[in-house]
Amino acid sequence: FTGVGIDTFLHLRNLRKDHPSIRRQDLVKIALRWVKIVEFLHKSGIYLVDLNPQNVLIDPITKVVSVVDIDSAQIDKYPCEVGVEDYLSPRQIDAMQNGQLAMSRYKDELFSIAIMLFKILMGNKHPLECKQLSDDQPKNKQRHFVYVFKQYGDASIMPGGTFPVLWDRMNDESKQLFHDIFTDD
């Protein structure tokens, strides 16, 4: 199969320029197809663990979605030792930093899926990225969900530019789901 990694489509400016036949609405449909593939694998006892945009290929013409690089998947009780940190759950990152191997759970995969969906909807902005609070603060201490929803979030450290506008345009149900996933311990 040949295709282009979904990461190619995440930058809205590049999307319009390099792939004018694919619109943001198409990306949402593509993402839903990808989620159905992941759901099928989960029902078969397979966790991909290494869920990241480079492992989701799209044919720009037919919009067929394929998942690649599943040779490192977790099957039953056999854990997977790989994963891109930006797409792992905090529990998985903590285990890696402590030299442990964490068995992936449905909740971990849901976290990774939510990151990719958020990036598709928000023009490639990572949901845990915020304005730097201070120069001496470690990067991993700056990563938390700051998007304002109801009484939650912190507008003062939300990313600037178009991201607050994109967030405001999102429906409340989606905001609630993202908030619940990214703030759940």
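Heads up: the structure comes first, above all this text.
Reading the values: rules and limits
- Residues numbered from 1 in each chain as written.
- Predicted model: local features only at pLDDT ≥ 70, side-chain atom pairs only at ≥ 80, totals over all residues.
- Heavy atoms only, no water.
- Phe/Tyr/Trp six-rings, centres within 6.5 Å; stacked < 30°, edge-to-face > 60°.
- Helix = DSSP H or I, 4+ residues; strand = E, 2+ residues; numbered from the N terminus.
- Buried < 20%, exposed > 50% of the residue type's maximum accessible area, 1.4 Å probe, protein only.
- Salt bridge = Lys/Arg side-chain N within 4 Å of Asp/Glu carboxyl O.
- Axes fitted to C-alpha atoms, helices over the stretch in contact; angles between N-to-C directions.
- Parallel < 35°, antiparallel > 145°, perpendicular 65-115°, else oblique.
- Contact = heavy atoms within 4.5 Å.
- Polar contact = N/O pair within 3.5 Å; in protein donor to acceptor, adjacent residues only side chain to side chain.
- Pairing = 2+ DSSP bridges.

Draft legend 1. Spatial organisation of the packing of aromatic side chains. Counted by the stated rule, this structure contains 11 aromatic pairs. Consider the rings of F118 and F178, whose centres lie 5.1 Å apart with planes at 90°: the pair is edge-to-face. On the criterion of sequence distance, the pair formed by F118 in helix 4 (residues 106-121) and F178 in helix 6 (residues 172-183) is long-range, its members being 60 residues apart. The exposure classification of F118 matches that of F178, with both residues buried. Judged by centre distance (5.1 Å) and plane angle (50°), the ring pair of Y147 and W167 falls under tilted. You can see Y147 sitting in the loop between helix 4 and helix 5 (163-169) and its partner W167 sitting in helix 5, a full 20 residues away along the chain.

Draft legend 2. Region of the structure containing the pattern of salt bridges. Using the criterion set out here, one finds 3 salt bridges in the structure. The salt bridge partner of R91 is D108, with a shortest N-O separation of 2.4 Å. Of the two residues, R91 sits in helix 3 (residues 90-97) while D108 sits in helix 4, which places them 17 residues apart along the sequence. The salt bridge partner of K125 is E129, with a shortest N-O separation of 2.9 Å. On the basis of relative accessible area, E129 is assigned to the partly exposed category, the value being 33%. What emerges from the salt-bridge pattern is a single network uniting R91, R105 and D108.

Draft legend 3. Local environment of the packing of helix 2 (residues 24-43) against helix 4. Closest axis-to-axis distance for the helix 2/helix 4 pair is 10 Å, and the angle between their directions is 170°. Considered as vectors, helix 2 and helix 4 are oriented roughly antiparallel to each other. Every residue of helix 4 that contacts helix 2 at R24, L27, V28, A31, W34, V35, V38 and H42 is listed here: Y106, E109, I113, M116, L117, I120 and L121.

Draft legend 4. Representation of unusual backbone geometry. For K63, which is not a glycine, the phi torsion comes out positive at approximately 65°. Within the secondary structure layout, K63 lies in the loop between strand 3 (56-58) and strand 4 (65-67). Here the phi dihedral of N124 falls at roughly 80°; this positive angle occurs in a residue that is not glycine. Mapped onto the elements of the fold, N124 is located in the loop between helix 4 and helix 5.

Draft legend 5. Representation of the side chain of N52. Note that N52 resides in the loop between strand 2 (46-47) and strand 3. In this structure the side chain of N52 is engaged in a polar contact, spanning 2.9 Å, whose partner is the side chain of D50. Among residues more than four places away in sequence, those in contact with N52 are V84, Y87 and M116.

Draft legend 6. Fine view of the sheet that holds strand 1 (residues 4-5). Here 3 strands make up an open sheet; going across it, the order is 1-3-4 and the pairing antiparallel. Edge strands, defined here as strands with exactly one partner in the open sheet, are strand 1 and strand 4. The sheet contact formed by strand 1 and strand 3 spans 2 bridges and is antiparallel. Its bridge partner being in strand 3, V4 is matched across the sheet by I58. In the packing of helix 2 onto the sheet, the strands contacted are strand 3 and strand 4, and the crossing angle to strand 4 comes to about 40°.

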